[in-house]
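# A look at the structure
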Amino acid sequence: DAGLVGFLMKCKSRYSILDAMANTHRLDLSYWRALVSNGTPRLQVIRAPGASAQREEPKTDDIRTVLRFVRFQYEWTLVDLGRGLNPLVLSALDEVDQAFLVTTLDVPALHQVQQIIRSLIDSGYGQDRLRLLLNRVPKAPDVMPGELEGLLGIPVFSMLPEDHGSVYEAYAEGQLLPANCNLGRHLTKLAAAIAGIQEPANRKKFSLFR
């Protein structure tokens, strides 16, 4: 909603997804490359408009056109649809394979995600395409995954632990989260599960001390 992905990934491009949506008539690979930022190897980012004022609401057909184009350019595409539901988000969801609902264990957050799940299912969105991610989970959570499944109606796909220190350092340095930190290891497992690949086994180091 605030365009923070562009900030955190140090996007140098001044263009946003709205530029792609406003120019679907000229959307080709050359134009797309002018919009995206290549701050990280093997990863291209097109940012949200952030806090800039919008005089006109984007058209729902335009976001579908952009997402259909993007699907043919990359092996994997991740779309951050912000918080809550609106016609633009619903239109984008029609073009994605899996929708990941990220929530903390706070009561207001769980209430909101329950409302979103119910709205999506009532609108005909396939329950099998929904994935529930628990974020910032403490070591001793008050609610267990089984209880949440009964409350929300879908199983917990992944639980990501609270790791404020590692996240803060990554933000401050403008780098990706280290793969060897606690949250980094969980994210590696999550990425492997999403991609349907086996997580690489850790190599055991030889040591004289046991």
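Here the structure is a predicted model, which means the values were calculated and not measured.

Reading the values: the criteria
- Residues numbered from 1 in each chain as written.
- Predicted model: local features only at pLDDT ≥ 70, side-chain atom pairs only at ≥ 80, totals over all residues.
- Heavy atoms only, no water.
- Helix = DSSP H or I, 4+ residues; strand = E, 2+ residues; numbered from the N terminus.
- Buried < 20%, exposed > 50% of the residue type's maximum accessible area, 1.4 Å probe, protein only.
- Contact = heavy atoms within 4.5 Å.
- Areas by Shrake-Rupley, 256 points an atom, 1.4 Å probe, with all protein chains shown as cover.
- Lys, Arg positive; Asp, Glu negative; His and termini not counted.
- Charge placed at Lys NZ, Arg CZ, Asp CG, Glu CD.
- Pairing = 2+ DSSP bridges.
- Right-handed = clockwise from strand over helix to strand, strands pointing away.
- Core = buried A, V, L, I, M, F, W, Y, C linked by side-chain atoms within 4.5 Å.
- Salt bridge = Lys/Arg side-chain N within 4 Å of Asp/Glu carboxyl O.
- Axes fitted to C-alpha atoms, helices over the stretch in contact; angles between N-to-C directions.
- Parallel < 35°, antiparallel > 145°, perpendicular 65-115°, else oblique.
- Nonpolar A, V, L, I, M, F, W, Y, C, P; charged D, E, K, R; others polar.

## Quick word on the overall build of the protein
- What the protein contains, in helices and strands, is 9 helices and 5 strands.
- Helices and strands appear in the protein in the N-to-C order α-α-α-β-β-α-α-β-α-β-α-β-α-α.
- When its C-alpha atoms are laid out on the principal axes, the protein stretches across 65 × 45 × 30 Å.
- Counting only residues that meet the buried cut, the protein has 29% of its 210 residues in that class.
- Once local pairs closer than 6 in sequence are excluded, the contacts in the protein between residues at least 24 apart make up 69%.
- Carbon and sulfur atoms form 53% of the exposed surface of the protein, whose accessible area is close to 14,900 Å².
- Charge-centre separation for the protein: the mean point of 24 positive side chains lies 8 Å from the mean point of 23 negative side chains.

## Section: the pairing of strand β5 (residues 156-161)
- Where strand β4 (residues 130-137) meets β5, 4 bridges bridge the pair, whose relative direction is parallel. Bridged to L134 within β5 is M159.
- Viewed along the sheet, the connection from β4 through helix α7 (residues 145-152) into β5 turns out right-handed.

## Focus: the nonpolar core
- In this structure, L93, L101, I117, Y125, L130 and L132 are the most contacted members of the largest nonpolar core, which totals 18 residues.
- Where this core is concerned, the elements lending two or more residues are α5 (87-93), β3 (99-103), α6 (107-122), β4 and α7.
- The leading source of residues in this core is α6, at 5 residues.
- Residues within four places of L93 in sequence aside, it is in contact with L81, L85, A99, L120, Y125 and R129.
- Counting 13 residues, the second largest nonpolar core, distinct from the first, contains V36, F69, V70 and A92.

## Some remarks on the pattern of salt bridges
- Per the counting criterion, the structure on display carries 4 salt bridges.
- Among the salt bridges present, the one from D61 reaches R64, with a minimum N-O distance of 2.2 Å. Of this pair, D61 and R64 are both found in helix α4 (residues 60-71), 3 residues apart, which corresponds to roughly one turn of the helix.
- Here R136 makes a salt bridge to E162, at a shortest N to O gap of 3.1 Å. With R136 in strand β4 and E162 in the loop between β5 and α8 (164-173), the pair connects residues that are 26 residues apart, well separated along the chain.

## Structural notes on the sheet that holds β5
- Strands sit in the order β3-β4-β5 across an open sheet of 3 strands; the sheet is parallel. In this open sheet, the two strands that pair with only one neighbour each are β3 and β5. Taking each pair of neighbouring strands and ignoring which way they run, the sheet shows an average axis angle of 25°.
- Most of the contacts of helix α9 (residues 182-195) go to β5, to which it runs at about 160°, and overall it touches β3, β4 and β5.

## Examining the environment of V167
- With respect to the secondary-structure elements, V167 resides in helix α8.
- Classification of V167 as partly exposed rests on a relative accessible area of 23%.
- Here the alpha-carbon distance between V167 and A99, two residues 68 residues apart in the chain, equals 24 Å.
- With near-sequence residues (within four places) excluded, V167 lies in contact with L177 and L183.

## Details of the pairing of β4
- Of the strand pairs in this sheet, β3 and β4 are connected by 5 bridges, and their pairing is parallel. In the sheet register, T103 faces β4, and the bridge partner there is L134.
- Note that the unit made of β3, α6 and β4 has a crossover that is right-handed.

## With respect to the packing of α6 against α7
- With their axes 10 Å apart at the nearest point, α6 and α7 run at an angle of 50° to one another. In terms of orientation, α6 and α7 fall into the oblique class. For the pair α6 and α7, the contacting residues are L110, V113, Q114 and I117 in the first and L148, L151 and L152 in the second.
- Looking at the contact of α6 with α7, its residues break down into 6 nonpolar, 1 polar and no charged.

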